[in-house]
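# Observations on the three-dimensional arrangement
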Amino acid sequence: HLFAYPFEGRLVHEIMAALVAYRISRLMPITFSIAMNDYGFELLSDQEIPMDDAIVYDVFSPDNLTKDIIASINSTEMARRKFRDIACISGLVFQGYPGKYVKSKHIQSSSGLFFDVFSDFDKSNLLLRQAYDETFHYQLEEPRLLNALQRIQNSNIVIKYINTYSPFSFPIKVDSLRESMSSEELGQRIERMKAEVYKDVEQNNGYRNKRRKNRP
Amino acid sequence: MVTEINGEKIVLDKKRAMYVPSLETLIISDLHLGKSAHFRREGLPVPAVIGQSDLQRLGILIEKYQPHTLIITGDMFHHSYNHEVEDFIAWRKGYPDLKIILVKGNHDRILARAANNLEIEIYDTYYNSGPFCFVHQQKDVACTDKYVISGHIHPGIQLSGRAKQRLRFPCFYFGTAYALLPAFSTFTGLYIIYPQKEDKIYAITPERVFNVTI
């Protein structure tokens, strides 16, 4: 777990977290789960996250900002989340009638399928482009992010290594709206996760199935 | 990836197909030809390229394995007659020596009308070949002494890891009595299955097929 507290507001933190995660992921193959709130953000990984006084100022640097932001947005699923609203509004995915709305999970998977199909077969699709545009401009607040990073660059960054969760970390940690980003090779991730699942299954004697109806 | 069921050697291809060398048969499921055209007719702008891309991929598989027979375990066509059927007929002409067998699925409604031009053999509920019985839905089983290979489900497997990692992939499922094939068409969703310990699961990634049996 890595928790950072810039106190810049949730929207800035969403981009800043992706940016920091992206820059760290360039140092080594690593996979992150990202969460944020108005106080700060969290990077969670199953490996040790490299962070010390030497690299922290580089990772939070305002240099190369636009290029790195573009790269980090493309590595997370922010555009995919934005696309969900676009899919509903444009009529690609039907939300149901008032009083009988379709479960949001179904919309998530349908809009995700459309997102994949457009990304693979129709990159210039206007709806797809809209999702990326909105992620860049609407949420980005790039000047504000730049100011924040400049302020941080001129400040004293305090790094503390602790063994438990601090009071500020808790609301971020339990946030369920998470992004993920990985620079690891897929095969490696699968092998590691397989080993963990194997351990889990041994202990519980079978997959822990939260939804029984999905048994084949 | 090469593996075996009940002693019979099979090859699982990352392009979502299964090949049985001893029968020289390639098997796919849930091709859903015409799905993108069907969506467009309803006003949803799905790229037209999908159907062609799926057929292209099937062509590559046929070139690779050179099977005598292609079996499709249901849902070859998505809904009603549209131009993707013509695309298929044109594509089919490129493989005149290939025997194509279809076991009808719940989506294969158009076949009454267009069946003659397609030059495929059609079976209503099941087709036997070697030690296997091919059906569309596993519950349609009529042949209890053979190992059942079915489709319809569009199976997917979800791997969870520490640090809230989650990966979802289409997969091949091999249970003790029957198997589930992944949907061949890329324009399909996934139905996540939770296997038992004795079941074998092979996840399909862009890179290769992974054995994720526990």
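Placed above this text is the structure.
A brief report on the enclosed structure follows.

Conventions we followed
- Residues numbered from 1 in each chain as written.
- Chains lettered and ligands numbered in written order.
- Predicted model: local features only at pLDDT ≥ 70, side-chain atom pairs only at ≥ 80, totals over all residues.
- Heavy atoms only, no water.
- Helix = DSSP H or I, 4+ residues; strand = E, 2+ residues; numbered from the N terminus.
- Contact = heavy atoms within 4.5 Å.
- Expected span 1.5 Å × (residues − 1).
- Buried < 20%, exposed > 50% of the residue type's maximum accessible area, 1.4 Å probe, protein only.
- Salt bridge = Lys/Arg side-chain N within 4 Å of Asp/Glu carboxyl O.
- Core = buried A, V, L, I, M, F, W, Y, C linked by side-chain atoms within 4.5 Å.
- Pairing = 2+ DSSP bridges.
- Axes fitted to C-alpha atoms, helices over the stretch in contact; angles between N-to-C directions.
- Phe/Tyr/Trp six-rings, centres within 6.5 Å; stacked < 30°, edge-to-face > 60°.
- Lys NZ or Arg CZ within 6 Å of the ring centre and 35° of its normal.

### Side note on the side chain of Ser36(B)
Residue placement: Ser36(B) occurs in helix α1 (residues 35–41). Setting aside its immediate chain neighbours within four residues, Ser36(B) contacts Val46(B), Pro47(B), Ala48(B), Ile50(B), Gly51(B), Glu84(B) and Phe187(B).

### What to know about helix α4 (residues 78–89) of chain A
Residue and element names in this part refer to chain A. A rise of 1.5 Å per residue sets the reference length of α4, with its 12 residues, at 16 Å; its end C-alpha atoms lie 18 Å apart and thus fit the reference within 8%. Taken together, the buried positions of α4 are occupied by Met78, Ala79, Lys82, Phe83, Ile86, Ala87 and Cys88. Looking one or two residues past α4, Gly91 carries a phi angle of roughly 90 degrees, positive in sign.

### Topic: the pattern of salt bridges
Tallied over the full model, the rule gives 13 salt bridges over all chains. Notably, a salt bridge pairs Asp68(A) with Arg26(A), separated by 3.8 Å at the nearest N-O pair. Taken together, the residues Asp68(A) in helix α3 (residues 65–75) and Arg26(A) in the loop between α1 (10–25) and β2 (31–36) connect sequence positions 42 residues apart. Taking relative accessible area as the criterion, Asp68(A) reaches 7% and is therefore assigned buried. A salt bridge links Glu121(B) to Lys99(B), with the nearest nitrogen and oxygen atoms 3.8 Å apart. On the criterion of sequence distance, the pair formed by Glu121(B) in strand β7 (residues 121–123) and Lys99(B) in strand β6 (residues 99–103) is long-range, its members being 22 residues apart.

### A closer look at the nonpolar core
Core analysis: the largest hydrophobic core is formed by 34 residues, its most contacted members being Met16(A), Phe41(A), Leu43(A) and Phe60(A). It is α1(A) that provides the largest number of residues to this core, a total of 10 residues. Met16(A) has contacts with Pro6(A), Phe41(A), Phe60(A), Leu145(A), Ala148(A), Leu149(A) and Ile152(A), leaving out every residue within four places of it along the chain. Membership of the second largest hydrophobic core comes to 27 residues, among which are Leu26(B), Leu58(B), Met76(B) and Phe88(B).

### Section: the environment of Leu12(B)
Residue and element names in this part refer to chain B. Along the chain, the position of Leu12 falls in strand β2 (residues 8–13). Judged by its relative accessible area of 1%, Leu12 falls in the buried class. With 10 residues separating them along the chain, Leu12 and Val2 place their C-alpha atoms 6.2 Å apart. Excluding residues within four positions of it along the chain, Leu12 makes contact with Met1, Thr3, Ala17, Met18, Phe172, Phe174, Tyr202 and Val209.

### Comments concerning the pairing of strand β4 (residues 25–28) of chain B
Residues and elements named next belong to chain B. What you see with β4 is no split at all: Thr25 and Ile27 on one side and Leu26 and Ile28 on the other are buried throughout. For strand β3 (residues 17–20) and β4, the ladder comprises 3 bridges, and the chain directions are antiparallel. Bridge pairing links Met18 to Ile27 in β4. For β4 and strand β5 (residues 69–72), the ladder comprises 4 bridges, and the chain directions are parallel. The residue of β5 that forms the bridge with Ile28 is Ile72.

### Quick look at the sheet that holds β5(B)
Residues and elements named next belong to chain B. A sheet is described by the order of its strands in space; here 7 strands give the open sequence β1-β2-β3-β4-β5-β6-β7, paired in mixed fashion. Across the chains shown, the open sheet's two edge strands, defined by having one partner strand only, are β1 (2–5) and β7. Within the sheet, the average angular offset between the axes of one strand and its neighbour, ignoring direction, is 25 degrees. Along the sheet, helix α2 (residues 49–65) makes contact with β2, β3, β4 and β5, crossing β4 at roughly 155 degrees.

### Some remarks on the packing of aromatic side chains
The tally for this structure, following the rule as stated, stands at 21 aromatic pairs over all chains. Centroid distance Tyr173(B) to Tyr178(B): 6.0 Å. Interplanar angle 50 degrees. Geometry classified as tilted. Comparing Tyr173(B) with Tyr178(B) shows no difference in burial state: the two are buried. Site record: aromatic cluster; members linked through ring pairs are Phe83(A), Phe114(A), Phe115(A), Phe118(A), Tyr132(A), Phe39(B) and Phe187(B). Geometry around Phe184(B) places Arg57(B) over its ring, the cationic atom sitting 4.0 Å from the centre.

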